[in-house]
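Examination of the molecular architecture
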Amino acid sequence: MLPSMTHNAHFIGNQWVSTLSGETLPVLNPSSGEIFARIARGNRADIDAAVATARQAFAGPWGRLSALERGRLLARWAEAILANQDELAGIESTDTGKPLKQARADVVALARYFEFYGGAADKLHGQTIPYQEGYTVLTIREPHGVTGHIIPWNYPMQIFGRSVGAALAAGNACVVKPAEDGCLSLLRVAALAAEVGFPAGALNIVTGLGAEAGQALAEHPGIDHISFTGSPDTGKRVAIAGASHHCPVTLELGGKSPQLVFADADLDAAMPMLVGAIIQNAGQTCSAGSRVLIERAIYEPLLERLAQRFSQLRAGPADLDLDLGPLVNRKQQQRVWDFLSDAQADGIPIVAQGEVVDEAPAKGYYQAPVLLRDVPPASRLWQDEVFGPVLSAAAFDDEDEAVALANGTPYGLVAGVWTRDGARQFRMARRLEAGQVFINNYGAGGGVELPFGGVRHSGHGREKGFEALYGFTRLKTVALRHG
Ligand code: NDP
């Protein structure tokens, strides 16, 4: 059972453990701006306790389980999650402000990660390597040991699933520090892990602030691998903390992902994806398609279609299940306002805006979707991640200009290309600097099976798919001389 919403507890060793300091933090409902729960404010001592418990589990019952048994546990966990979909979606929606249908989709995605990694657990093979006469050389994939997972608030369940699912499948014990603005669903998911039979200590969650519990986790010498999703600045801090004890770090740091629309594109197919990729989760998606680059011949007509759609979009409380909910917190709302006021000062034209519905409480963190045009490549709006429902449009004349604009930010996470020209599809896929390129589709957030991650400021390392399993293992080479 989830501890009462005012309970002061971490999940350590399959138990609810009070925070050693006794301090708690309020949790606000983004739809209303009201406090609706409290969580434990974890600190270094709580992280010490969680890491020690995980180390015992790795050296004990959890570490001794076969890959097949780990896979079966993940599969059972997936079933339990789906059986509790309504409850989990309700918690996530209240905690983060995402519309209920999005929260329900996130529950399904979480279960899908555990299904995928449950099935993959016993298929993680090493290799044999041809070597000199008289030798047999082989490689063994071993778990790192205890892995640390720092999870953001935008998709708590999905990002937990992709990171913890792969780490557990590979045989690691996990210590998780979720964001204080998105941790309640994960506490319930952890309780389900205990219910389906995960040995104590395989999974541990310490709630609290990033600068306290998160930093302590990244610095902890008992952590053997860190997986972080969040902003480039915090990612840098986590990487430095990891380096202080020579710990490998995987960073997923968001993006400024472009969608390139050529004049020969199927615009009817593109339209819902151009809009969906920026309004999903109110634009608070690492792979949000936040820039649309349009070939000049269709710039005006496509902008007109986008404007028409944007003016119909409605933001409101999560339980009304509209096109988008509120932003997660006041800080995020202020961040979006700052970008929009800079854009206004730079004279960047707004083409269309959606609306915030009358039912939305005044203290909620709402932002109507906004479409802007002729956004200059040097502007902050074009270069930096807004993390809100703000779509920037610009025109291009040819492929070279499209590529230069698309690649001309510090980020490189995802790119979308819309064209019917087969040769161009391949040229664009090769020339765009991004971890994922979608041709005539755009998979914001989807694709459990598809390796995912960035280049440059979008981070390094790959999550999702089989590739993530390699990241959560270390390779040992065994050279046997037998004559
Ligand atoms: P952060 O990068 O600061 O937070 C991400 C995670 O890191 C949270 O769990 C946070 O915990 C934790 N954290 C914060 N500071 C530290 C630290 N010193 N050591 C270890 N962990 C830490 O992002 P914000 O929430 O401040 O959002 C700011 C911007 O970051 C957004 O506007 C967006 O652009 C980007 N972002 C990108 C995400 C992505 O999916 N790529 C996800 C979230 C944000 P806590 O929240 O409890 O402090």
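Residues numbered from 1 in each chain as written. Predicted model: local features only at pLDDT ≥ 70, side-chain atom pairs only at ≥ 80, totals over all residues. Heavy atoms only, no water.

Below, the discussion takes up the overall build of the protein chain. What the protein chain contains, in helices and strands, is 16 helices and 22 strands. In terms of overall dimensions, the protein chain is globule-like: its C-alpha atoms have a radius of gyration of 23 Å, near the 23 Å expected for 483 residues. If you line up the protein chain on its principal axes, its C-alpha atoms span 70 × 65 × 40 Å. Taken over 483 residues, the protein chain has a buried fraction of 58%. Sequence separation of 24 or more characterises 74% of the internal contacts of the protein chain that already satisfy a separation of 6 or more. (Helix = DSSP H or I, 4+ residues; strand = E, 2+ residues; numbered from the N terminus. Rg over C-alpha atoms; globule rule 2.2 N^0.38 Å. Buried < 20%, exposed > 50% of the residue type's maximum accessible area, 1.4 Å probe, protein only. Contact = heavy atoms within 4.5 Å.)

Glancing now at the sheet that holds strand β17 (residues 370-372). With mixed pairing, 7 strands are arranged side by side in an open sheet as β15-β17-β18-β13-β12-β19-β20. The open sheet terminates on both sides in strands that have one partner only, identified here as β15 (350-353) and β20 (436-439). On average, adjacent strands in this sheet sit at an angle of 20° to one another, irrespective of strand direction. One ladder, built from 3 bridges, connects strand β12 (residues 257-261) with strand β19 (residues 414-418); its direction is parallel. Across the sheet, residue valine 261 finds its bridge partner in β19, namely tryptophan 418. (Pairing = 2+ DSSP bridges. Axes fitted to C-alpha atoms, helices over the stretch in contact; angles between N-to-C directions.)

The subject of this paragraph is the packing of helix α3 (residues 67-83) against helix α5 (residues 100-120). The geometry of α3 relative to α5 is characterised by a closest axis approach of 8 Å and an angle of 165° between their N-to-C directions. Classified by the angle their axes make, α3 and α5 are roughly antiparallel. Judged by the sense of rotation from one axis to the other, the crossing of α3 with α5 is left-handed. For the pair α3 and α5, contact is made by Gly71, Leu74, Ala75, Trp77, Ala78, Ile81 and Leu82 and by Val107, Val108, Leu110, Ala111, Phe114, Glu115, Tyr117 and Gly118, respectively. Here the contact of α3 with α5 is built from residues that sort into 12 nonpolar, 2 polar and 1 charged. (Parallel < 35°, antiparallel > 145°, perpendicular 65-115°, else oblique. Left-handed = near helix turned anticlockwise from the far one by under 90°. Nonpolar A, V, L, I, M, F, W, Y, C, P; charged D, E, K, R; others polar.)

Judged by pairing direction, the sheet is antiparallel, and its 3 strands sit side by side in the order β5-β6-β22 without closing on themselves. This sheet does not close on itself; its edge strands, each paired only once, are β5 (128-129) and β22 (473-481). Relative to β22, strand β6 (residues 135-143) runs antiparallel, the two sharing 9 bridges. For isoleucine 140, the partnering residue across the bridge sits in β22 and is lysine 476.

Within this structure, the stated rule accounts for 26 salt bridges. Close ionic contact of lysine 98 with aspartate 106 constitutes a salt bridge, the shortest N to O distance being 2.6 Å. Grouping residues by exposure puts lysine 98 and aspartate 106 together as buried. Of the charged contacts, one joins arginine 380 and aspartate 384 as a salt bridge, the two residues approaching to 3.9 Å between their closest N and O atoms. Under the relative-accessibility criterion, aspartate 384 is labelled partly exposed at 29%. Residues joined by salt bridges that share partners form a network here, namely Asp264, Glu399, Arg424 and Arg427. (Salt bridge = Lys/Arg side-chain N within 4 Å of Asp/Glu carboxyl O.)

Moving on, we come to the environment of glutamine 259. Relative to the helices and strands, glutamine 259 is located in strand β12. Overall, glutamine 259 belongs to the buried group, its relative accessible area being 1%. Remark: the alpha-carbon pair of glutamine 259 and threonine 473, spanning 214 residues in sequence, is separated by 34 Å. Setting aside residues no more than four positions away along its own chain, glutamine 259 makes contact with Met273, Leu274, Ala277, Arg291, Val292, Leu293, Gly416, Trp418 and Tyr442. Side-chain polar atoms of glutamine 259 contact the backbone oxygen of methionine 273, separated by 3.3 Å. (Polar contact = N/O pair within 3.5 Å; in protein donor to acceptor, adjacent residues only side chain to side chain.)

Now for the layout of surface pockets. Of the pockets and cavities examined, the largest pocket occupies roughly 970 Å³. Around the largest pocket sit 34 residues that line it, and Trp153, Gly230, Ser231, Thr234 and Lys331 are the ones nearest its centre. When residues of the lining of the largest pocket are traced back to their parent elements, those giving at least two are β7 (146-151), α8 (210-219), β10 (225-229), α9 (232-243) and α12 (330-345). Top element by residues in the lining of the largest pocket is α9. It accounts for 5 residues. In terms of residue class, the lining of the largest pocket is built from 14 nonpolar, 11 polar and 9 charged. As a volume, the second largest pocket reaches approximately 210 Å³. (1 Å grid on protein atoms, 1.4 Å probe; cavity = no way out; pocket = protein on both sides within 12 Å on 5 of 7 lines; lining within 4 Å. Points joined across faces, edges and corners; volume = space filled by probe spheres on them.)

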